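Structural overview
Listed here are the chains, written in short residue letters.
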Amino acid sequence: MLFEPYRNEPFADYSDPATLAAFKEALESVRGQLGRDYPLTIGGASVTTGEYLESYDPSRKDRLVGRASKAGPREIELAMDAAWLAYGTWSRWSMADRARLLVKLAAIMRRRRDELAAWLVFEASKNYLEAIADVAEAIDFCEYYARIALPLAEPLPTYDYPGEENTTVFQPMGVGLVIPPWNFLLAILVGTAVGPVVVGNTVIIKPSPATPIIGAKFMELVAEAGFPAGVINLLTGDDAVLGDALVDHPRTRFINFTGSVATGVRIFERAAKVQPGQSWLKRTFLEMGGKDALVVDETADLELAAQAAVTSAFGFQGQKCSALSRLIVIDEVHDEVVERVRVLTEKLSIGPADENHDVAAVINERQYQKILGYIEAGKSEARLVAGGTAAEGNGWYIAPTVFADVPVGASIACDEIFGPVLSVLRARDFDHALEIVNGSVYALTGGVISKDRERLARARADFQAGNLYLNRKITGALVGVQPFGGFKMSGSNTKAGGPDYLKNFMEMKSITERF
Ligand code: NAD
């Protein structure tokens, strides 16, 4: 075997004083590095343009995390040139040699995991556990994809035919765009880049303008691991300048996107148009939003249900695509579940991420205003149970908010809010609950808390969700354990961290020789 067996990177236990002290030291060290300037990376070279995108700490909104260079049309062309040039050689490396570089990258991230997690605390307002989980997932993507790439170097099984030799092999496709969101700013950026890369493609990463600094930090690791110049390129900058221009570019071969439905659909439509000079159909991988539901029935352990709901709804301020936003409770136990959820929600501490509060700030002012707008709408659509306001502090703080008696058609029951807002809906019975679940255009994650075996079986078959969890929280999918991605408007079901993920980024070639 080339590598030791895969296992998920463990998180950290911050109740251990030594672990906590080490993390606080990393926070101090990174705090001392805030406010610097970062370049683009094109063909292995650091490029600065003299114009910058500023990234501020959402928890202390006047604290500059760093400034990332802004790319423009010239840098797009340079990055395309560099990535296609590198593709010529990288695509001919052996799968094992490419896989080794991913394992090397994972080893570097593991050695620097506290430092990387500290950057996530400052740039995205993740508390300690959320930050270390994001780094652990990035490590997992490297380790897992390195391993599942190896068999793809082998020919596929096909039948024999008399007088001929028939072989079918996978080959890479070319230069892809990697467009991640800001919420798993390291894990998704890394996973959606190294997946296509390990099987021989080269990429241009365009991070979210909300969290550009982590992209630049990642490029330091890529250089340290020894990836050849041009295999992984980084263009930070404004969406208005880079988004459509990269998607429309005739030399873009595929687009590996994770983000909102609005952007995903825009990319889907634009990429479908064949541009002058383009000699292929672009492939798009579009992992999008959710309106994730948890059903609690009258047989459920109600404390387990309330804990699963509160953890799933308010972890990382509800800014996970997998976050719970519709708690659907069967009439008989509805009031008791709502009361338990209220009690647990009101216990959550709110404050700066670097002080490790349960709930820290949301990502930026735009999201803050959007979420508060939904909270105001919710006050006329439903009954406020907890929260319902902004929270004190020099950042974008919003009190974890729970609404009950939410009508099925209410905006807070239908739209992805992407913040700490939970809607509770009342169902007559389990059938009605499933009907509400499946009434959404989204189908990303979901769950059922029940002791009824027949209903659990029904949920396995009929609950529309790419990731279904029974009797536990609905967030926290593990790479290689729970392949992640949704149905319907939640996306193209690429299934990050799943056994078939890498095949998305390859084409199959059949070769026949007649003797
Ligand atoms: P977003 O759609 O605003 O942005 C996503 C990425 O697209 C960013 O890099 C952004 O800069 C880029 N972008 C914006 N306009 C573009 C354009 N015209 N062309 C090309 N790229 C463009 O999403 P976000 O706010 O960063 O992330 C939150 C969303 O992501 C939520 O909807 C969440 O559910 C979703 N998400 C989904 C998954 C999943 O696996 N399904 C995982 C995480 C987040």
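Let me begin by describing the structure that accompanies this report. (Residues numbered from 1 in each chain as written. Predicted model: local features only at pLDDT ≥ 70, side-chain atom pairs only at ≥ 80, totals over all residues. Heavy atoms only, no water.)

Glancing now at the overall build of the protein. Secondary structure assignment for the protein yields 15 helices and 21 strands. The C-alpha radius of gyration computed for the protein amounts to 23 Å, which stays within 12% of the reference 24 Å derived for 515 residues, consistent with globular compactness. Its C-alpha atoms give the protein principal-axis dimensions of roughly 75 × 60 × 50 Å. Buried positions account for 59% of the 515 residues belonging to the protein. Each charge class in the protein was averaged separately, 53 positive and 65 negative side chains, and the resulting centres sit 3 Å apart. (Helix = DSSP H or I, 4+ residues; strand = E, 2+ residues; numbered from the N terminus. Rg over C-alpha atoms; globule rule 2.2 N^0.38 Å. Buried < 20%, exposed > 50% of the residue type's maximum accessible area, 1.4 Å probe, protein only. Lys, Arg positive; Asp, Glu negative; His and termini not counted. Charge placed at Lys NZ, Arg CZ, Asp CG, Glu CD.)

Within a sheet, neighbouring strands are paired by backbone hydrogen bonds and run either parallel or antiparallel to one another. Strand order in the open sheet made by the 3 strands is β1-β5-β4, with mixed pairing throughout. Looking at which strands have only one partner, the edges of the open sheet turn out to be β1 (36-38) and β4 (52-57). With direction set aside, neighbouring strand axes in the sheet form an average angle of 35°. Across 3 bridges, β1 lies against strand β5 (residues 60-69) in parallel orientation. (Pairing = 2+ DSSP bridges. Axes fitted to C-alpha atoms, helices over the stretch in contact; angles between N-to-C directions.)

Around the ligand sit 29 residues, and of these Pro180, Asp239, Ser260, Thr263 and Glu416 come closest. Measuring from an oxygen atom of the ligand, one finds a side-chain N or O atom of serine 260 at 2.5 Å. A distance of 2.7 Å is found between an oxygen atom of the ligand and a side-chain nitrogen or oxygen belonging to threonine 263. When isolated, the ligand has an accessible area of 850 Å², and the protein chains bury 91% of it. Of all the secondary-structure elements, those providing two or more residues to the shell around the ligand are α8 (239-248), β10 (254-258) and α9 (261-272). For the shell around the ligand, the element with the highest residue contribution is α8, accounting for 4 residues. Here the shell around the ligand is built from residues that sort into 15 nonpolar, 8 polar and 6 charged. (Near = heavy atom within 4 Å. Polar contact = N/O pair within 3.5 Å; in protein donor to acceptor, adjacent residues only side chain to side chain. Areas by Shrake-Rupley, 256 points an atom, 1.4 Å probe, with all protein chains shown as cover. Nonpolar A, V, L, I, M, F, W, Y, C, P; charged D, E, K, R; others polar.)

So, on to the packing of aromatic side chains. Per the stated rule, a full pass over the model turns up 19 aromatic pairs. With a centroid separation of 6.4 Å and an interplanar angle of 65°, the aromatic rings of phenylalanine 254 and phenylalanine 285 are classed as edge-to-face. Highlighted residues: phenylalanine 254 in strand β10 and phenylalanine 285 in strand β11 (residues 283-287), separated in sequence by 31 residues. In this structure, phenylalanine 254 and phenylalanine 285 share a single accessibility class: buried. Grouped by ring-pair contacts, the aromatic residues Tyr6, Phe141, Tyr144, Tyr145, Phe254, Phe285, Tyr501 and Phe505 constitute a single cluster. Its guanidinium or amino end placed over the ring of tryptophan 396, lysine 61 lies 4.3 Å from that ring's centre, counting from NZ or CZ. (Phe/Tyr/Trp six-rings, centres within 6.5 Å; stacked < 30°, edge-to-face > 60°. Lys NZ or Arg CZ within 6 Å of the ring centre and 35° of its normal.)

Glancing now at the pattern of salt bridges. Scanning the entire structure with this criterion turns up 42 salt bridges. Close ionic contact of arginine 266 with aspartate 244 constitutes a salt bridge, the shortest N to O distance being 2.5 Å. Of this pair, arginine 266 sits in helix α9 while aspartate 244 sits in helix α8, and the two are 22 residues apart along the sequence. When the shortest N-O distance is used, the salt bridge between arginine 342 and glutamate 346 registers 2.7 Å. A residue pair is termed a helical-turn pair when its members lie 3 or 4 positions apart in one helix, as arginine 342 and glutamate 346 do in helix α11 (residues 331-347) at 4 residues. The exposure class of glutamate 346 is partly exposed, given its relative accessible area of 47%. Sharing partners across several salt bridges, the network here consists of Glu28, Arg31, Asp57, Arg60, Arg63, Asp354 and Glu355. (Salt bridge = Lys/Arg side-chain N within 4 Å of Asp/Glu carboxyl O.)

Once that is clear, we can look at helix α4 (residues 113-124). For α4, built from 12 residues, the straight-helix expectation of 16 Å at 1.5 Å per residue is met to within 8% by its first-to-last C-alpha distance of 16 Å. For α4, the buried fraction is high: 11 of the 12 residues fall into the buried class. Listing the buried residues of α4 in full gives Arg113, Glu115, Leu116, Ala117, Ala118, Trp119, Leu120, Val121, Phe122, Glu123 and Ala124. Looking one or two residues past α4, serine 125 carries a phi angle of roughly 65°, positive in sign. (Expected span 1.5 Å × (residues − 1).)

Counting buried positions along strand β7 (residues 175-179) gives 5 out of 5 residues, so the element sits mostly inside the fold. Neither face of β7 is left uncovered, since the one carrying Val175, Leu177 and Ile179 and the one carrying Gly176 and Val178 both have all their residues buried. Bridge count between β7 and strand β8 (residues 202-205): 4 bridges; the pairing is parallel. Paired with valine 178 across the two strands is isoleucine 205, which belongs to β8. Two elements, β7 and β10, share 4 bridges in a ladder whose sense is parallel. Bridge pairing links glycine 176 to phenylalanine 254 in β10.

Of all 7 residues in strand β13 (residues 324-330), 7 are buried; the element is thus mostly enclosed. Summarising the sheet, strand β12 (residues 292-296) and β13 pair through 5 bridges and their orientation is parallel. Within β13, the position partnered with valine 295 by the bridge is isoleucine 328. Between the parallel pair β12 and β13, the chain is carried across by helix α10 (residues 302-314), and the sense of this crossover is right-handed. Two elements, β13 and strand β16 (residues 421-427), share 5 bridges in a ladder whose sense is parallel. Along β16, the bridge assignment pairs isoleucine 330 with alanine 427. (Right-handed = clockwise from strand over helix to strand, strands pointing away.)

Function-wise, these values are silent; they only describe arrangement.
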